[in-house]
Amino acid sequence: MHNISSYEETIENFTWKSVEEELGYKPGDTINIGEYCTDRICRLGMGKRKALIWQDHSGNVKTWTFDQMRVDTNSIAWYLENMGIKPGDRVCLFMDKVPELYLGFLGILKMGAIVQPLFSAFGTESLETRLEDAKTTAIITQKKHLPKIRNILKDTEYLKFIIIVDQKDELHLKDREHILDIENLPKLDHFHTYKSTAETPSVLHYTSGTTGKPKGAQHVHYSVISQYITTKYSLDLKEDDIYWCTADPGWVTGTSYGIIGPWANGITQCVLDSGFTAEGWYSFIEKHKITVWYTAPTAIRALMKEGEEVIKKHDLSSLRFLASIGEPLNAEAVLWSDKVFGMKFHDTYWQTETGSMVISNYPCMKVKPGSMGKPFPGMEVGLVDINTHEYFDKKGVVGIIAIKPGWPAMFRTYRNKKEMYDQKFVNGWYLCGDRASIDEDGYFWFVGRDDDVINTAGHLVGPFEIESALLEHPAVAESAAIGKPDHINMEVVKAFIALKPGHEQSKMLELEIMNFIRKKLSPLAMPQEIEFVKSLPKTRSGKIMRRVLKAKEWGEEIGDISTLENNM
Ligand code: PRX
């Protein structure tokens, strides 16, 4: 039995009010994600159930029950409040997938601050841009990431507290640095959780666009209504499940479905704080008897590459449901998983901005390999014309995916960029910026993005950020960054560079520039390939035409280039 047995019937009867009632929420009530994921679950009698099973790269395991998690998140909330952090302040999490990341996330929300998770592999510039935009008050981190923070200290005077979770020795602390040692915090059975209401800001996720700096998508506590019910219906989680979401909470999947949704359902989650190997992943599933697994197409393709021998060495019979997110899930990957695991990966589609799933393949529904599935109940999802942005209802015609605003997890603004936020809403629809078509049966088929943002291994990277960073290198005069097809990561970054006079292209210089970007931005933003060119194709107004570079890489028609200043 699945949590929903008929998609059509669920669509027919679904109301957001019924979800609110299921969660015991009434409009105007206080609602706090930290409380919903811990105290509420304990009140429902599930305090003894395991909430977190965490494993590090050496195989060491630590576990928390919901009751222990309730107490530890109280303690963290108390610690932060005591320190002088106020509701509404931004508190950044800059850590690997250590337990403090998960407990800290809920603790921050419990004391009313806004949690700002950032990917720990970010380099100094990526980090600083996001801290600067959010005017972050505190950052919680590990010793190993301290050098990056110390590096940008002089330009971040708004950052009052640097909180280290794995240091015991106060002697070596520098300016603004503090220690948070969960094991030695007073165990607080009660904490006066901040009385947030539906529209109180909760999570701030930075996401990249085509132009400008990354934008902070601001979510609110009410989002838990969407995250709870999408987890229940699309991932089909039930009380006995052992669930594994492979995403890092630096990205929205790792928070909406790696923290909030599952814990609001009282589900046991596993976390593997270790890099990817097929052997490591299958051992993890086997060891913890994982039943539901949510991962990304890049990981699935990497597993496909490793072949079936490694699968045969493991007992993976605990698995019962597989789902995927972040990039197009090719039909081949779905058919492969059916063959080797005896079940198909179910694609889901959504974005940082949507906060929760928009389109899914529900377990009760036939999977059409290669399709993203159908809209979530209670959400009106359709297509608008690529040029006019008018809604249309024609089967098989490509348009931009659009959603009628009003679902609970919708972002409420881009921090400091209200105009950009407003531009996302046209003719009464929120435009996702992705192209798709809908077939005769109402299934959505992804076609591509409507902009130049690069999706590498399921993560969005803004070409403008890379180009700006490249220009900071002394040898670079002009640059353009595009996504180039890749059989594992879907796309990788390729940079086109025109050098300044007096600089010669060489393998050494290429590696130097790659490393420069890796350190400044992140390993994902690092160009995997650099092509040195004399000049870049530009419009007469001086705008670089990435479209032309991209078409060449993807073997597509270049299209109208009448506005091109030079023809490369
Ligand atoms: O282009 C779409 C792609 O990833 C974008 C959202 O990225 P982000 O905000 O980082 O959130 C990722 C995780 C929720 C989308 O605009 N994308 C996401 N899911 C799919 C997808 N592309 C194709 N198929 C999908 N299932």
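Being a predicted model, the structure only gives us computed values, none of them experimental.

Examining the sheet that holds strand 11 (residues 268-273)
Alright, step 1. Judged by pairing direction, the sheet is mixed, and its nine strands sit side by side in the order 2-1-11-10-12-13-14-15-16 without closing on themselves. With one partner strand each, in any of the chains shown, strand 2 (61-65) and strand 16 (374-375) form the two edges of the open sheet.
Alright, step 2. Bridge analysis of strand 15 (residues 359-360) against strand 16 gives two bridges, and the strand direction is antiparallel. Looking across to strand 16, one finds that isoleucine 359 is bridged to proline 375.
Alright, step 3. Running at roughly 150° to strand 11, helix 11 (residues 278-288) makes contact with strand 1 (50-56), strand 2, strand 10 (242-245), strand 11 and strand 12 (292-295) of the sheet.
Alright, step 4. With respect to the sheet, helix 14 (residues 331-341) is in contact with strand 12, strand 13 (321-324) and strand 14 (345-349), its orientation differing from that of strand 14 by roughly 145°.

Notes on the site of the ligand
Alright, step 1. Asp347, Thr348, Gln351, Thr352 and Asp434 are the nearest of the 18 residues found near the ligand.
Alright, step 2. At a separation of 2.6 Å, an oxygen atom of the ligand approaches a polar side-chain atom of threonine 352.
Alright, step 3. Secondary structure elements with two or more residues in the shell around the ligand: helix 10 (252-264), strand 14 and strand 23 (444-449).
Alright, step 4. When residues in the shell around the ligand are grouped by element, the largest group, three residues, is from strand 14.
Alright, step 5. Considered class by class, the residues forming the shell around the ligand number eight nonpolar, six polar and four charged.

Focus on the layout of surface pockets
Alright, step 1. Estimates place the volume of the second largest pocket at around 490 Å³.
Alright, step 2. Lining the second largest pocket we find 21 residues, and of these Trp54, Lys62, Val98, Pro99 and Glu100 sit closest to its centre.
Alright, step 3. For the lining of the second largest pocket, the secondary structure elements donating two or more residues are strand 1, strand 2 and helix 6 (99-110).
Alright, step 4. Sort the elements by how many residues they give to the lining of the second largest pocket and helix 6 lands first, with three residues.
Alright, step 5. Grouping the constituent residues of the lining of the second largest pocket by class yields seven nonpolar, two polar and twelve charged.

A look at the domain arrangement of the protein chain
Alright, step 1. Domains assigned within the protein chain are domain 1 (7-436) and domain 2 (454-552).
Alright, step 2. The gap between the C-alpha centroids of domain 1 and domain 2 is 30 Å.
Alright, step 3. Between domain 1 and domain 2, a total of about 1,700 Å² is buried, with carbon and sulfur atoms accounting for 55% of that surface.
Alright, step 4. When the buried area of domain 1 at its contact with domain 2 is split by residue, Glu125, Ser208 and Trp251 rank highest and sum to 28% of it.
Alright, step 5. On the surface where domain 1 and domain 2 come into contact, there are 13 residue pairs in polar contact (both at pLDDT 80 or more).
Alright, step 6. Put simply, the parts of the chain that give the side of domain 1 that touches domain 2 at least two residues each are helix 7 (124-134) and helix 12 (297-306).

Cut-offs and rules
- Residues numbered from 1 in each chain as written.
- Predicted model: local features only at pLDDT ≥ 70, side-chain atom pairs only at ≥ 80, totals over all residues.
- Heavy atoms only, no water.
- Pairing = 2+ DSSP bridges.
- Helix = DSSP H or I, 4+ residues; strand = E, 2+ residues; numbered from the N terminus.
- Contact = heavy atoms within 4.5 Å.
- Axes fitted to C-alpha atoms, helices over the stretch in contact; angles between N-to-C directions.
- Near = heavy atom within 4 Å.
- Polar contact = N/O pair within 3.5 Å; in protein donor to acceptor, adjacent residues only side chain to side chain.
- Nonpolar A, V, L, I, M, F, W, Y, C, P; charged D, E, K, R; others polar.
- 1 Å grid on protein atoms, 1.4 Å probe; cavity = no way out; pocket = protein on both sides within 12 Å on 5 of 7 lines; lining within 4 Å.
- Points joined across faces, edges and corners; volume = space filled by probe spheres on them.
- Domains from an automatic or database assignment.
- Buried area = accessible area lost by both parts, 1.4 Å probe.

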